[in-house]
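Examination of the molecular architecture
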Amino acid sequence: MSPVGSKWSPPEFRMIVVLQLMATCLALVSTLFLIVATWTDCWMVNADDDLEVSQKCRGLWWECVTNTQDGVRTCDQYQYETILAEHPLKIVLTRALMITADILASFALIILVLGLDVVKLLKEEPHVKIRICYFAGFIFGIGGIPGMIGSVWYAVDVYVERATLVLKNVYLGMHYEFGWSCWLGMAGSTGCFLTSIVLTCCLYIFRDARSSQYNRSIYQYGRTAAGKKYAVDSRV
């Protein structure tokens with residue numbers, strides 16, 4: 001291979017592949033976390049049930065009750081079918097934010113796979129592939145925003161609701177706190193942000209290194225070609 005056509009040196013290529021694979025694994029886990037969080041039923045869980053015979057979980061779409069004695073689980077879907085029906089504002093906005101995050105993260109994951117160096121698509125266009133990775137990182141960063149807003153806002157709303165009841169000395173037999181589905185939403189959004197950092201900041205550093213190497217290769221190749229030509233002219 002000629003110097004002008006040279007790509008990554010072996011150590012740099014291994015490093016860039018490792019970064020891409022790390023980002024891909026993190027992106028896959030983060031996307032799965034967001035999707036699971038959106039469609040599971042434990043955004044709110046009862047924290048203190050005096051009878052301690054059941055565990056109640058509320059999600060964005062239905063509410064489930066699990067009997068702690070026999071393990072029987074029953075779920076009831078909310079009465080209204082459409083996403084913008086007469087639900088509390090907390091439910092409607094969290095649904096919209098989480099679905100938006102799911103779509104953006106899934107789209108970014110597909111784009112990222114196309115930009116991996118180990119994928120043969122556009123193998124002869126390394127600059128295009130690196131731009132694809134940048135674009136995927138940008139989308140992941142955007143997708144993490146609605147996921148984090150929805151998860152954190154839901155958790156804060158649950159906490160404020162409970163604190164308000166405590167301050168007013170209102171006891172309903174049980175209180176709710178945010179559950180593992182809400183935690184998954186936060187974790188998935190954080191993973192999207194980390195993926196964005198890896199794909200944009202880290203790859204940018206190696207892109208500059210690659211550009212410098214490419215320029216040096218052109219310079220060395222030019223000097224070598226000029227030297228050969230001078231040697232031929234001298235013999236003549």
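Right above here is the structure, for reference.
What this report covers is the structure whose coordinates are included nearby. Predicted model, so just to flag it, every value in this text is computed and none were measured.

1. Quick notes on the environment of Thr66
- Tracing the backbone through its elements, the reader meets Thr66 in strand E3 (residues 62-67).
- Its relative accessible area of 18% is what places Thr66 among the buried residues.
- In the structure, Thr66 is positioned 11 residues away from Gln55 in sequence and 5.1 Å away in space, judged by C-alpha atoms.

2. Some details on the pairing of E3
- Examined bridge by bridge, strand E2 (residues 54-58) and E3 share 5 bridges and lie antiparallel to one another. Of the residues in E3, the one forming a bridge with Gln55 is Thr66.
- Here E2 hands over to E3 after 3 residues, the two strands then running antiparallel side by side.
- By the bridge criterion, 5 bridges tie E3 to strand E4 (residues 73-77) in an arrangement that is antiparallel. Bridge pairing in E4 links Cys64 to Cys75.
- From the end of E3 to the start of E4, which pair antiparallel, there are 5 residues, and Gly71 there has a positive phi angle of about 75 degrees.

Thresholds, definitions, all that
- Residues numbered from 1 in each chain as written.
- Predicted model: local features only at pLDDT ≥ 70, side-chain atom pairs only at ≥ 80, totals over all residues.
- Heavy atoms only, no water.
- Helix = DSSP H or I, 4+ residues; strand = E, 2+ residues; numbered from the N terminus.
- Buried < 20%, exposed > 50% of the residue type's maximum accessible area, 1.4 Å probe, protein only.
- Pairing = 2+ DSSP bridges.

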